[in-house]
Every structure is written in C-alpha cells, then in structure tokens.
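Chains, contacts and geometry: an overview
The residues making up each chain are set out below.
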Amino acid sequence: MTTKITFTYPTAMALAAIGEGHRYGFDIMDVTGLPDGTVYPILRRLEARGYLAGKWENDDVAFREGRPARRYYELTRPGDDALKAALVRYPRLSELFPEAGRFAASA
Amino acid sequence: MNPPNSPVTPAASRLPIALRRVLALGSWWVPRSRRQAWRREWEAELFHAAHTDASAEPPRRLLRRALWSHLDALWIFQEELTMTRLLADIRLAFRSLRRSPTFTVVAVLTLALGIGANTAIFSVVNGVLLKPLAYPDSDELLSFNFTAPGIGYPVIPFSDDFFLFVEERQKSLEAIAMYNQDNVNLVGDADPVRVSGARVTPSTFAVLRVPALLGRTLTERDAEVGAEPVAVIAHELWQERLGGDPDVLERTEDMDGVMRRIVGVMPPGFAFPNAETRIWKPYVIDEANLNVGNFSNPGLARMASGMTIDGAVDDAAAMLASLFEERPDDYPAALIEQAQFAPRIDSLKEVVVGDVRQALLVVLGTVGVVLLIACANVANLFLVRAEARQREVTLRAALGAGRGDLARFFLAESMILALAGGTVGVGLAAFGVRAFTTMAPVAIPRISEIGIDARVLGFTLLASLLTGLLFGMIPVLRRQARDLAGSLREGGRSVTTGQGLVSARNVLVVAQVALALVLLVGSGLMIRSFQALRTVDPGFDADGVLAVLVALPGPDYPDAEQRLAFWTEVRDRAAALPGVTAAGILNDIPMGWGRSGGSIEIEDFPSDIESGLLTLAEKKRVGAGGLETLRVELVEGRYLNDDDGAGRFRGAVVSQSLAQHWWPGQSAIGKRLKEDADEDWYEIVGVVGNVHYIDLEDPAEEVLYLPLIAGAEESPNVSANMTVLLRTNGPPSALVGLMRGVVKGVDPRMPIARSETMANLLSNNMARTSFTLVMLGIAAAAAMLLGAIGIYGVISYVVGQRTQEIGVRIALGASRGSVQKMVVRRGMMVCAVGVVVGVLGALAASSALGSLLYEVNPLDPFTYVVVVAALGATALLASWLPALRASGVDPVVALRSD
C-alpha cells in the first residue's frame, strides 16, 4: 500500500499488538490497556479497510480443546506496511511492542 | 463435528446463561448478514476470558466485558447505517436528481415557496403567540380588571378605591399593581418632545420582576402625597434623548412643567405597558380624597406560586362581594346588579396578544394548506418520474431489491428535495418576515419579537421532513400495490397506461382542487367582508383631513381660560395656513387615540338617583368648527359655535342615534340634558349624523357633543388634550411641519404629541380585515395556480400516454372536436369531484373565520358560486390546452411512436 497512512495512536497500538502475536479481541485489550469499547471498533475499521484479515480458527482444533472456535486477526500485506508506517510515526511504540514485526504477513 | 456457522457451538453452551442473554440482546443491533459471525466471535472471546486465564475472571468482570459487546454492536450498526445503506442511497438519489435538473429545480422551488411561506408565518406566530413575554416567570403575570356587561363595559379598570381594597384583602396574588398611560411633554435643551409614559404604582416593577439597570425603581415613598417628584426612564430615552449621560442619576428633567429627578434607568428593551413607554412616574393615591367613581387604571398582578387563574378569579369575586356588602353607600346594590359587575382576569399574554390570535392562526392554517397543495404537485411530478423510471425500478426489484430498499430509494430523493426546499424556504422566509413586519398592520402586538430563531428553524426542519415523507411515500405506497410481473409487462409497449398510477394522480388533483377551493372560498368571504366594511359610512369625510394631537401639561395651564385661549389661538392660526379650508378642535376624534364617555342626565328622563342607575353616552368636547371640518352631516338645527359655551346659555349637539333613542319620532331640538347631576343644563341646538368612533364593525355610538366652557364660574370644561383638525385641498400630511410651527408659535415649549391623517386612522381601523384579506388572497392565488398546474399536468400526461389511442381514433374518423371534448371531459370530471369535496371542506372550514367576517354569512352562496365558476374556468383552460394538443395528433406519427 503506497498511499500515505495516518493512524490514531490507539489504532497504531492495536496494529502493533497484533503484529506481536496478540491475535484476538480481549488479548489485544489486555496487552494494550485500551479503554472499554475502543478496541473492537478499531478492529472492525482495520478489517473493513483491508489492513487485517479475520480468520475463524479451525473448528476441529476448537472442538478438540472443548471451546468455541475463535476469530483470529492477522495483518495483511497492506496492514504490514501500515504497521511499519505506524512504528515510524510513533517511535516509542516499538519500546512497548519490541517484537511487533514478528507475526507480520509473510512475503 | 460442528458445522462452521451453527448458531451456538456446544462449547459455548457452557457459557453462563446471563452472558449469552447479554450477547443475544447486543446482536439485535448487528445487521442480520453479520449477526451470526458477530455472536460467534464474542462467544469465543468471552469463553476465552472465562477459561484460559489462569486466574479465572470474577463473574462481575466477565459480565462487564460482555456488555462491551453492545458498544461493538452499536458501532457496527451505525457504521452499517451511515456507510453502506443511507450514504449509498443518498449518493444514488443525488446522482439521479442531478440527471433531471428541471424536475429538481421545479420541485425544490415549489417546496421552497410552500415551506418558506409556512416558516415566515410560523415565525410571526412564534414571536406573537408562542414566545413567553420577556419577563421572568411571565406565565404568572395577570391582567387584572373588571367587567360590567350590564352597562355596556366589557372591561372596567381599577379605581383607587378598588385597588386599595384588593391590595389589602387579596389572598391569591404575590403582588398587584396598577398603571395608566400618561404621556409626557419633555422639555429640555433640545426641541420639546412628547414621550410615551406611564403612571405606575411602585409595585409594578416587583410584579414584573425587573430591577433597574442604574439607580433604583420606584418605591412606596415616591408614591406618597407630597413626595419629591421622581421618574424612572427607559434605557432608550437615556441613550437617545440624554446622550447616554453617565451622570443621568443626578439629572432633573422638566416633564409637563414638573421638575422630576431621575432615580433609575431600566434595562434596554424594558417597556411597559406599551412598546413605546419611556418614562415611569409614581402613581400617587391620595387616600384622604379618594375618587370612588373613577375607574381608569388597568391592573397588573403576579399570581402566588401554585395559584391558577380560576383561583384568582374566585378570590377576586369574593373580594368584590364583600366590598359591595360593606359599603352600600359607595356602591348602590341596584347599580351593581344592573352592571353585572365581575372580575375579569386573564393571562397578561392573552391581553397583550389580543384579537390578532385568530387572524394569525387562520393565516397559518392557510399557508399550511398551500404547502399541502405544493406537496400534491411535487408528488405528481414524482409519480411522473416514477412512471418514466418504471423499468429501472422493476429491474431493481427483479434483481432482489426489497420493498424497504425501494422505499429508501424514493424517500432519499424526496428527503433531499424537501430539505433543499426547506433551506431555500428559510431564505425566502427571512425576506418574507422583513416584508411582513414592515407592511403588517400597526395592530400586531410584539412585532419587534418576530424573527427567525431556533424554534422557527426547528419548525422548518420538521415541516421539511414531514413534507418529504408525505410526497415521498406516495410512489412507495403505489409501488406496494403492484406486482412485479405486471410492471414488467406494462413497462413494455402497451396501448394504455397502468390505470393505478393515473388514478393515484387523479386523487392528488382532486385533493388540490378541493384545497384550492377551500382557500378561494375563505378569501372570497374576506373580500365580501372588506366590501361590507368599505360600504359602512363612518359618518365623516376622512379625505384631506389631518389630525394633530397636542397635550397641554397641567402645571403650565392650570385653568380653563388659559387652555381655551391656547386652543382658540392654535385653531385660528391653523385655519390661516395656506391650503387649509377648514379647521376645528375636538377632544376625541373618531378612530382616534382616546375615548371619552360616561353617564349623562336627561331632563325628560331623570335617572333614579337612589338606585344609581345610569344613562350612558359618548361625550365629546368640541370647539367651533370641529364637526364642520369632519363634515359630519347636520340633520337638524345647527352646529356648535364659540358662543355656546361662553355665556349663560349652553348649547349642545347630539347624534341622530341618541336623539332617536330618547325622543323617537319627535325633534330633539330644545330638549335639555347635562353631564353630571350638579351641573347646568345644556339645550340641544342640533342633531348630527351618526359617527363610528370606536370601530366600523360596531354600531355607531350615541354621542353627546358639548362646547368648551371657560367663562363660567362653575364646572369650566376645556380639555388639556385636544386634537386640531385641518381640512386641506392638498395632501394633508404636508401640513405637519407647518402645524409644528403653529404650535411652537403659540407656546415655544409645546410639542405636537401625534399627527395622523384621518384617512390613515380609518384604514388602520380596517387593517385587521385588509391584512387577513391580503394574506388569504395571496395564498388562494398560489393555490389556484398550483391547482391549475396540477390539472394541466395530469391531463397532458394522460394525453401523452394515450397518443396511440387518439391516433387510432382519428385514423378511424373521429373528429378533432370530439377528441378535444373527450380530453376536456376527463379534466372536468376530475375537477368536478374536487369541487364537491372542496365545497364540503369549505363549509366545514369557513366557520373558523367566524369573527373575522363582517356582515357576511360564512355560507354566503354568492361567494361559493363565484369561486366554483372561477375554479371551473381555470380547470377548463388547464385541460383545454392538452386537448388542443391531442386533437393535433397525426395518426401516422402516433401509430409509429413507441
């Protein structure tokens, strides 16, 4: 994605958290400490714009573990670019999420 | 294994039931297409929160997390609404409107006219009727007076005696005050001016709850006999007349020859009892010399909190009863009974607004009807469009657009049109309001409070939305009644159009014709009223007469001799002005600015002193030349001259109505009567024609004209306020400047209090009728035009649709005339139905005009016949034009056309 991306700080935090492997709602909330009700709209918006892909967990796995299938979020290629841009825009973010690039979309 | 989109996974069923309920509730907001996925995701999240964490979450925290799902759901809801549905609809509507600019412009302008007219009139209604008066807690304020219908007085104000009694005994009021208008000649460094003023009891300011801006308001001490003369002035007077002098509170001003110290300045905009009042002087009650019979001060009160008007009336009635019972000498029982004395208490606002309410509501209703007609027209245009787009719409439906989608599609268009119309309409209304306030009759109270404020804008928005809904729903409702296959078939080549759509448009035209007829009947009735009023003979000839009011201050002119000398001098000098053919003086002119009446005593019919029963009449003081200048007809005898009041012989003139009342069938000349019991007799020397003093709509009053008396020892009588009347060949208003010079020439300290042409005073008296007439007339003309356009539109549309059929008819030998007749007949039939419905509506609605009408039966057959004929002629023209076109159809072209 080549267009200029600007994000609010909470959005950047959510992106970074997902980049670090926190892949579902409450996990992202817990790790970012974002206030009630902010994270989901961010996830919805990012997904709608194609920065995130929501994927249902394999039902077999969930069934075996005796729990409902989860919806995981992961960065898409544009999401990956967006995260990089966000890390440039907010330099201190990488201190909070040192491994933010770990689960970036594979090339 | 679990199917991937099963509503609830087995594991999730292990979620506590409360959490699942919360989620189910939240999912209501999520659009159906996303609902299952949404629920699944949240179940998984909550399950995860409840189970995976080593330190399992306490239930309350879990519940709170579940509640967050609602925020998420709401967010999805609003996103869905704004992004996908509404925005898309609106964008689509904009695009389709832009593709047909003529339709859009016509529709927006039609709606703008309708909404603009409604906004303008509503802003008047808002300013005059709805807004509370500009005093704190103004709904507690009362106009407090009395009524004596038995002796012909609908309103009797307070006397000093009444006021003291009520002030002491009342239990329902927080405070009570009384006031009277008492204008002031303000003499200062600049030209002397006449300023509107009032004499008020100090409690007035407490009742109104308005403190002074500078200094103080009046106190009880100011109102004591012998107190230092003081005055409170208006901010406007301070700024304009005193140049905003910062030391205003140290000034003493010459008011009517009394030096009054200014003790306070009221805040800007404060004006009571009139919008023009600028000076307030204390009303001094001399308890030692009470005048029991002088009822001249309107009362003003503030209810105790929690009190109702009915409660205040009961309290007042009880007080009156005890007053009359305790003091039968002052208030003879027979007189009280004859008078049917009772309290008359209204909300102050009612009294301020007065009788303009009905006229305003009628006008508001009228413009509302015009808006309805405008709606019908736009709906008609809309249906034409719907027809033209039948294929597009059918295709959409065939591709799966549901009824809701189609409805939103039409409603988005209609809402955009209506809101655009509303926006343009507010602009029109701003002009309209300005025009209204400048041309409205003087009689409209609170006119300065009229303007476009938040409430008016809210009204406009609501009116626009309702309008959009109204005409947008019509094609939607029509569509609901049709089936897909039928539409597809009809959209193709066919001989005639869908009967359903035509009949929908017929209904609209019937409605338009009916509404237009109601408005036309209304304005027709107003025209008839106006005609009737115009034919009322006021009893004088107003053309070419100027009336100039001068008020002599008591301290400067303490005795009658001086006053008479002043008036005679002014009259003689005025008579000598170039172009003046006659001049005279009268203390109270017809249609004028005051009223003087009261009891009289007739020699032949002595009133019963014991019982105190009274003979009442209007009493006027008239100098020589007064009646002549007005050209009041001389029926018998002669007019008054200067000698009638000078010597021992006192002549008087009575109106024909008074003469006929007391001496029917015989001459009143030589009969004697007097003003008060202890006065000298006047002998009737002349009988003059009846003059309408108060209102053209009321029967002419019985009037007694008395001469100015100065010489006699007893009861000299020369009014301090008199009107000089001048008759001229040229335009009377040109004389005002000269008259100012004349008055100043006689007394350099004396201003002119008021001047007006008699013609203006007369037309002001008809202002309410003519104002209602003009407004109704404009509305009716607009309604008729819109109605004609509606008929024309439907008929020419039908002609367009039936071109093929008409071509066939002509090809088969139908004459042009018979084709024309066929088309016109169709238009006239629709119109006839509209007329029938409209006549019924008008019969029901004309009673709303009620008291606005003068000597016209609301069911006046003449009006109905003329209106129906006019509307019929218009409909004939509107359907004849398309008929011409139809008969010109070339069968070859028609048969080939699509």
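Predicted, not measured: the structure shown is a model, and the values here were computed from it.

Regarding the layout of surface pockets
All names here are of chain B. In this model, the second largest pocket occupies a volume close to 610 Å³. If you go around the second largest pocket, you meet 25 residues; those closest to its centre are Leu 113, Ala 117, Val 367, Ile 778 and Ala 779. Sorting the residues of the lining of the second largest pocket by element identifies helix 4 (101-130), helix 11 (356-388), helix 13 (403-439) and helix 22 (767-801) as the ones contributing at least two each. The residue makeup of the lining of the second largest pocket, split by class, is 20 nonpolar, five polar and no charged.

Details of the packing of aromatic side chains
Residues and elements named next belong to chain B. Going through the model one piece at a time under the given rule, you end up with 23 aromatic pairs over all chains. Between Phe 324 and Phe 341, the aromatic rings sit 5.6 Å apart at their centres with planes inclined by 85°, giving edge-to-face as the arrangement. Taken together, the residues Phe 324 in helix 8 (residues 309-326) and Phe 341 in the loop between helix 9 (333-339) and strand 13 (342-347) connect sequence positions 17 residues apart. Assigned by exposure class, Phe 324 and Phe 341 land together as buried. Each member of the aromatic cluster is reached from another via a ring pair, and the members are Phe 144, Phe 146, Phe 158, Phe 162, Phe 163, Phe 324, Tyr 331 and Phe 341.

Considerations on the environment of Leu 515 of chain B
All names here are of chain B. Tracing the backbone through its elements, the reader meets Leu 515 in helix 16 (residues 499-535). On the basis of relative accessible area, Leu 515 is assigned to the partly exposed category, the value being 23%. Along the primary structure Leu 515 and Val 370 are separated by 145 residues, whereas in three dimensions their C-alpha atoms are 8.0 Å apart. Leu 515 has contacts with Val 369, Leu 372 and Ile 373, leaving out every residue within four places of it along the chain.

Description of unusual backbone geometry
What you tend to see is this: most non-glycine residues have negative phi, and most peptide bonds are trans. Residue and element names in this part refer to chain B. A cis amide bond links Phe 272 with the next residue in sequence, Pro 273, at an omega value of 0°. By the secondary structure assignment, Pro 273 is in the loop between strand 10 (258-265) and strand 11 (279-282). A positive phi angle is found at Arg 631, which is not glycine, with a value near 55°. Of note, Arg 631 is situated in the loop between helix 18 (626-630) and strand 18 (634-637). For Arg 631, a relative accessible area of 48% translates into the label partly exposed.

Points about the pairing of strand 11 of chain B
Residues and elements named next belong to chain B. Of the two faces of strand 11, the one lined by Ile 279 and Lys 281 and the one lined by Trp 280 and Pro 282 are each fully buried. Looking at chain direction, strand 6 (residues 197-200) and strand 11 are connected through four bridges and run parallel. Residue Arg 199 lies in a different strand from strand 11, and its bridge partner there is Lys 281. Pairing of strand 8 (residues 230-233) with strand 11, which is carried by two bridges, proceeds in the antiparallel orientation.

Structural notes on the confidence of the model for chain B
Residues and elements named next belong to chain B. In this model, chain B carries an average pLDDT of 82, and 90% of its residues clear a pLDDT of 70 or more. The low-confidence segment residues 1-9, where pLDDT is below 50, has 14 contacts with residues more than four positions distant or belonging to other chains. Per the prediction output, this complex has pTM 0.64; the corresponding ipTM is 0.75.

Focus: a positive patch on the surface
Residue and element names in this part refer to chain B. Side chains of Arg 91, Arg 95, Arg 98 and Arg 99 sit close together on the surface and give a patch of like positive charge. Residue position: Arg 91 is located in helix 3 (residues 59-99). On the basis of relative accessibility, which here comes to 47%, the residue Arg 91 falls in the partly exposed class.

Concerning the side chain of Arg 302 of chain B
All names here are of chain B. Structurally, Arg 302 is set in strand 12 (residues 299-303). A polar contact is formed between the side chain of Arg 302 and the backbone oxygen of Pro 136, at a distance of 2.8 Å. A distance of 2.9 Å separates the side chain of Arg 302 from the backbone oxygen of Asp 137, its partner in a polar contact. Every residue in contact with Arg 302, bar those within four places of it in the chain, is listed here: Pro 136, Asp 137, Glu 140, Leu 141, Leu 173, Glu 174, Ala 175, Ala 206, Val 207, Leu 208 and Arg 209.

Analysis parameters
- Residue indices begin from 1 for each chain and proceed along its sequence in written order.
- Chains and ligands are labelled by the order in which they are written, letters from A for the one and numbers from 1 for the other.
- Local features are withheld for residues below a pLDDT of 70 in this predicted model, meaning they are given only at 70 or higher, and side-chain atom pairs are given and counted only at 80 or more; totals for whole chains, interfaces and linings count all residues.
- Heavy atoms from the whole structure form the basis of all side-chain values; hydrogens and water molecules are not counted.
- Definitions used for this entry: grid spacing 1 Å over protein atoms alone; cavity, a set of points where a 1.4 Å probe fits but cannot get out; pocket, an open set with protein on both sides within 12 Å along at least 5 of 7 lines; lining residue, one with an atom within 4 Å of a point.
- Grid points are joined across faces, edges and corners, and a volume is the space filled by probe spheres set on the points.
- Helix numbers and strand numbers start at the N terminus; a helix is a DSSP run of H or I with at least 4 residues, a strand a run of E with at least 2.
- Throughout, the ten residues Ala, Val, Leu, Ile, Met, Phe, Trp, Tyr, Cys and Pro are labelled nonpolar, Asp, Glu, Lys and Arg are labelled charged, and all others, Gly among them, are labelled polar.
- Two rings belonging to Phe, Tyr or Trp (six-membered ring only in the last case) form a pair when the distance between their centres is within 6.5 Å. Interplanar angles under 30 degrees mark stacking, angles over 60 mark edge-to-face geometry, and anything in between is tilted.
- Burial here depends on accessible area, computed with a 1.4 Å probe over protein chains only, as a share of the maximum for the residue type. Under 20% is buried, over 50% is exposed, and the range in between is partly exposed.
- The contact criterion used is simple: two residues touch if any of their non-hydrogen atoms lie within 4.5 Å.
- Only when DSSP finds a minimum of two bridges between them are two strands counted as paired.
- A residue's pLDDT is the predictor's confidence in that residue, given on a scale from 0 to 100.
- Patch construction takes residues with relative accessible area above 30% that form no salt bridge. Like charges are linked within 9 Å, and nonpolar side chains (Val, Leu, Ile, Met, Phe, Trp, Tyr) are linked within 5 Å.
- Per-residue and other accessible areas follow the Shrake-Rupley method at a 1.4 Å probe size, with only the shown protein chains counted as cover for residues.
- Any carboxyl oxygen of Asp or Glu within 4 Å of a side-chain nitrogen of Lys or Arg constitutes a salt bridge here.
- Two residue types count as positive, namely Lys and Arg, and two as negative, namely Asp and Glu; His and chain ends fall outside the count.
- Charge placement uses NZ in Lys and CZ in Arg. For Asp and Glu, CG and CD serve respectively.
- N or O atoms within 3.5 Å of each other form a polar contact, as long as, within protein, one can give a hydrogen and the other can take it, and as long as residues adjacent in sequence are counted only when both atoms are side-chain atoms.

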